[in-house]
Amino acid sequence: MAKLVLRNVTKTFGKTVALKDVNLTVKDGEFFVLLGASGAGKSTTINVIAGLEIPDQGQVFIDEGDVTHAFPQDRNIAAAFESYALYPHFTVFQNLMFPLEAPRRKRTYTKESRVERVKEVAELLGISELMDRYPRELSGGQKQRVALGRTLVRRPKAYLLDEPIAHLDAKLRHRMRSELKKIQQTLGITTLYATPDQLEALSMGDTVAVLNQGVVEQIGTPDDIYYRPVNQYVASFVGDPPMNIFNVDYQGKEAVVECDTPYRVPILPADQSMLAEKMGSCQLRIGVRPKDIRIVPAGDPQAHTNAEVHLIDTLGQTSIVVTKIKNTEIRVKIDSDFLPKLHSTVGLVFDNERFYYFDAGTQLRIG
Amino acid sequence: MAAENHFDDLSEKAARKDLGYYLRAIFFGRPARLVVLLLFIALILIPVIFVISTSFKIPLEIRLGGSIFPQQGVVTINWTNAFENVPLFKFLTNSTFVAVVSTILALLVAVPATYSIIRFKTGGWFLPSWILGTYVMPPIVVSVPIFALVKAVGLQDQLMGITLVHAMANIPIAVWLIDSYVRTIPRELEHAAWIDGYSKFDTLLKVVLPLIRPGVMAAGVICMILSWNEFLFALILTYSVRSNTFPIGISRFIGEHGMQFGEMSAAALAGMIPIYILVFFTSRSLVEGLTRGGVKG
């Protein structure tokens, strides 16, 4: 159990900047999620903490010790990689035993306690029947569980998990998500978890860091990230489907949405005073999540604008309706029971209590 | 199969039956290929057959020359003479010691060296090219300095002297053969082992070595063959029965009492047998080891 700290870490590969002045603190016993698209720098962050990459600038601390230049084997961390990295010449059992049999841990575990630990983990991950198989005889999902198991057999200072359940089928992934969270809470071992899946991040993380092209955009609780995004990137990255963001012309009580056929949306008095105070003279943008837009019949007096139903994507209980005002797309998330007709014209009602305001120049959220 | 299909593809062209078609049919058709292959096999086997038959000829018949096969009857006198006149067993044990020990030494250096050069860029660009350079260079160039060095440490005419030189001379070949095997191992495996708590050396032993074992085996067999057949260094570093390896031993002993071709043939065959047995039992991994570099680059 330990605290992990990255201080001003920069890492480049040739001309590509993988991490740019990254500062992170993972508290002792915390489940910390790195959220970002591929190429955002999640894996590099994990490799820097694991000791597989040495940062160009900055420092890495595990607890209070500076481990920036320490070898991976001296850091006492355990990691699972997306590429599994199972030892092909070992059986599943031997793979799981390997970390416990390292020369430096000879004294920590007796032979019996090692076997017991391996059995326990195998049970947990549902791979007990695969113990005598070789990695080449396993499916992708099974390999991933073995890789995860190899991480979990140890009680290191921290677990570093790089997309550890990305290749499991949906049902198993769902179960593993809660299992992992439970294991982490029981053991209380500091965990750094990288994922491109915002649902995983929001449901598992105590703290979430949103990475974008090597830059930490925001660090906060899942609620912070979802309800109080610091900027447009976080706002549109988190939430599925992504937030609708429009350029508007702010006119005090209402805002005119700029598109081929401009329309007006009213602004709440509270927001008006907030904007008056903080907005300055910037170009304003309004963001509204697809779930905060309602579809009403065309010509309904409530409707702020009319739009054409362009596409309907049914996801069981809910559906994503992509509407178009000329060339501007607006995504709406509604209950599948109340679907409009394809290519029909409908009215859209925006919930102005749930508006997000952004500065088009700095892309920062206002408020 | 592939070649036949290739021919089918040409059927459209073949319809025209131009000169190229006839040339291809003659030089690449199935009977033609068979003839060419047989020719090559004969070219390689005839000397061997010649040595075998010579070893069973009556000595006088050998002097007269003539046909490949014995005309005057088959005798074993050359074999018994060879074993009586030449300390063949001593040469065989000498050669075996030199081949086995030099190969072990060469591999002990080559495996960690190759790993280190590839993974940790040890020696930058210089070391790999230097190693290749020593491999390309004719050994005669260094024969005098090597002799001086071995003499300086007092290992001339001793098995250990020639063993060390063979080990050294075979390291470049071993590095070159093991190289492509190390490159095929995903780095993630080594990273995982480091994180699992293993040092770089333990990772080499427990993870890398088991995975490159076929390559190491192939390199070992090649080193043994090269050491077994090596002539130049053995000639200048071993003077007596005490340290003569097989090729030197027979070449010197037979010469001492006139050119006894029959005895020489018998002795040479006796020396071939151990290395043939070795190759026979390892040919599969040997072929794999030698072709690997070409396929995987």
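Residues numbered from 1 in each chain as written. Chains lettered and ligands numbered in written order. Predicted model: local features only at pLDDT ≥ 70, side-chain atom pairs only at ≥ 80, totals over all residues. Heavy atoms only, no water.

**Here's the deal with the layout of surface pockets**
Residues and elements named next belong to chain B.
- Quantified by volume, the largest pocket comes out at close to 560 Å³.
- What lines the largest pocket is a set of 20 residues, and nearest its centre among them are Thr 134, Met 168, Ala 169, Asn 170 and Pro 172.
- Secondary structure elements with two or more residues in the lining of the largest pocket: helix H8 (126-136), helix H10 (159-183) and helix H12 (200-229).
- Sorting elements by how many residues they give to the lining of the largest pocket places H10 first, with 7 residues.
- A class-by-class count of the residues in the lining of the largest pocket yields 15 nonpolar, 4 polar and 1 charged. (1 Å grid on protein atoms, 1.4 Å probe; cavity = no way out; pocket = protein on both sides within 12 Å on 5 of 7 lines; lining within 4 Å. Points joined across faces, edges and corners; volume = space filled by probe spheres on them. Helix = DSSP H or I, 4+ residues; strand = E, 2+ residues; numbered from the N terminus. Nonpolar A, V, L, I, M, F, W, Y, C, P; charged D, E, K, R; others polar.)

**Re the pattern of salt bridges**
Residues and elements named next belong to chain A.
- One pass over the full model with this rule turns up 14 salt bridges over all chains.
- Across the salt bridge formed by Lys 3 and Glu 64, the nearest N and O atoms sit 3.5 Å from each other. With Lys 3 in the segment before strand E1 (4-13) and Glu 64 in the loop between strand E4 (57-62) and strand E5 (65-66), this pair connects stretches of sequence that are 61 residues apart.
- Classification of Lys 3 as partly exposed rests on a relative accessible area of 29%.
- A relative accessible area of 64% places Glu 64 in the exposed class.
- Via salt bridges that share partners, Lys 11, Glu 53 and Asp 56 belong to a single interconnected network. (Salt bridge = Lys/Arg side-chain N within 4 Å of Asp/Glu carboxyl O. Buried < 20%, exposed > 50% of the residue type's maximum accessible area, 1.4 Å probe, protein only.)

**Here's the deal with the interface of chain B and chain A**
- Each partner contributes residues to the interface: chain B has 17 residues there, and chain A has 25 residues.
- When chain B packs against chain A, the two sides together hide about 1,700 Å² of surface, and 66% of this comes from carbon and sulfur.
- Three residues stand out in chain B for area buried against chain A, namely Ile 195, Asp 196 and Tyr 198 of chain B, and they jointly supply 38% of the buried area on that side.
- Taken together, the links from chain B to chain A amount to 1 salt bridge.
- The partner of Arg 150 of chain A in a salt bridge is Asp 196 of chain B, with the nearest N and O atoms 3.6 Å apart.
- Linking chain B to chain A there are 10 residue pairs in polar contact (both at pLDDT 80 or more).
- Those elements that provide at least two residues to the side of chain B that touches chain A are helix H11 (187-195) and H12 of chain B.
- Here the side of chain B that touches chain A takes 7 residues from H11 of chain B, the largest share from any one element.
- Split by residue class, the side of chain B that touches chain A holds 9 nonpolar, 3 polar and 5 charged. (Contact = heavy atoms within 4.5 Å. Buried area = accessible area lost by both parts, 1.4 Å probe. Polar contact = N/O pair within 3.5 Å; in protein donor to acceptor, adjacent residues only side chain to side chain.)

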